[in-house]
Amino acid sequence: MNTKKVTARRLTAEEVSELGLQEDIFVSAEMDDLPLDCYARASLTKPGKYFDGGSFAARTIFGKEVHVLPDNAEERGIWVADEAGEEIEVLQSAGVLLNLALFVPGGDNESLESLYTAAREAFGAGLVQRWNEEVVAVPDVKVDLFEEPTRGRKNTNNQIRDRRALDIYPTRVRFMEPSAGWRFVVEPHQETIDNTPTI
């Protein structure tokens, strides 16, 4: 197990409530059914002042969400780097897992195999693995993707809309996320017509 010693200090619930989303903290590195006697880098899922009841939620760099009561002596708590603190063991990353959605124009099995072969040659056959494969035929239809506020009033034509992406295939929308407080509106693609008079 690859760990690194970090000098850190345990925070009280009051101190955690003053943290923002950008703060680099450490929480227990325990995973499902795998107790690990070390910590993992993490950040709060929302600013500390918005948590109720003293329980805080943090997401580790490994994608696991944990709920912590900092003042509970039986829990590992929340730590922050501090030279005046004590040494803790922090779990290090073994690598990065890429979740890719590949669009291959006119793709077939032969072209996909060519992609996998090229990736294995570039990074090594033992490193590139196909964990989950979903081959979906993409219709030759394009859409315009808009965002609009989720709390917009119904039956109004003057809603604020933000054009997030132009001229995309509907399948790609599944892999995109709207901004906080906004939702996607997908419409058939319409070419932009420029009515500017010319001489």
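This write-up is about the structure you can find in this document. All values reported here derive from a predicted model rather than from experimental measurement.

### A look at the packing of aromatic side chains
Under the defined criterion, the tally for this structure stands at two aromatic pairs. A cation over an aromatic ring shows up here: Lys-46 above the ring of Phe-51, its NZ or CZ 4.9 Å from the ring centre. The ring of Tyr-39 carries Arg-76 above its face, with NZ or CZ at 5.6 Å from the centroid.

### Focus on the sheet that holds strand β10 (residues 182–188)
Neighbouring strands of a sheet are bound in pairs by backbone hydrogen bonds; such pairs are parallel or else antiparallel. Sheet architecture is open: three strands sit in the order β9-β8-β10, paired in antiparallel fashion. On the outer flanks of this sheet lie β9 (162–168) and β10, each paired with one strand and no other. Averaged over all pairs of adjacent strands, the angle between strand axes in this sheet comes to 20°, irrespective of strand direction. Bridge count for strand β8 (residues 143–149) against β10 is seven bridges, and the pairing is antiparallel. Bridging across to β10, Glu-147 finds its partner in Phe-184.

### Overview of the layout of surface pockets
Within this model, the largest pocket holds a volume of roughly 1700 Å³. Lining the largest pocket we find 40 residues, and of these Leu-100, Ala-101, Leu-102, Tyr-116 and Asn-132 sit closest to its centre. The element contributing the most residues to the lining of the largest pocket is helix α2 (residues 109–123), with seven residues. Across the lining of the largest pocket, the residue classes break down as 26 nonpolar, eight polar and six charged.

### Quick word on empty space enclosed by the protein
With the rule as written, the count across this model stands at one cavity of 30 Å³ or more. Here the largest cavity is characterised by a volume of approximately 50 Å³. Around the largest cavity sit Ser-28, Ala-29, Glu-30, Met-31, Ala-40, Thr-60, Phe-62, Lys-64, Val-66 and Leu-91, which together line it. Broken down by class, the residue content of the lining of the largest cavity amounts to six nonpolar, two polar and two charged.

### Here we look at the pairing of β8
Across the seven residues that make up β8, a large majority, six, are buried. Bridge count for β8 against β9 is four bridges, and the pairing is antiparallel. Bridge pairing links Leu-145 to Ala-165 in β9.

### Observations concerning the pattern of salt bridges
Tallied over the entire structure, the rule returns seven salt bridges. Asp-37 is the salt-bridge partner of Arg-76, the closest N and O atoms lying 3.2 Å from each other. With a gap of 39 residues between them, Arg-76 in the loop between β5 (65–68) and β6 (79–81) and Asp-37 in the loop between β2 (25–28) and β3 (39–44) connect regions that are remote in the sequence. Taken together, the shared-partner salt bridges in this structure form one network comprising Arg-9, Glu-15 and Asp-82.

Basis of the calculations
- Residues numbered from 1 in each chain as written.
- Predicted model: local features only at pLDDT ≥ 70, side-chain atom pairs only at ≥ 80, totals over all residues.
- Heavy atoms only, no water.
- Phe/Tyr/Trp six-rings, centres within 6.5 Å; stacked < 30°, edge-to-face > 60°.
- Lys NZ or Arg CZ within 6 Å of the ring centre and 35° of its normal.
- Pairing = 2+ DSSP bridges.
- Helix = DSSP H or I, 4+ residues; strand = E, 2+ residues; numbered from the N terminus.
- Axes fitted to C-alpha atoms, helices over the stretch in contact; angles between N-to-C directions.
- 1 Å grid on protein atoms, 1.4 Å probe; cavity = no way out; pocket = protein on both sides within 12 Å on 5 of 7 lines; lining within 4 Å.
- Points joined across faces, edges and corners; volume = space filled by probe spheres on them.
- Nonpolar A, V, L, I, M, F, W, Y, C, P; charged D, E, K, R; others polar.
- Buried < 20%, exposed > 50% of the residue type's maximum accessible area, 1.4 Å probe, protein only.
- Salt bridge = Lys/Arg side-chain N within 4 Å of Asp/Glu carboxyl O.

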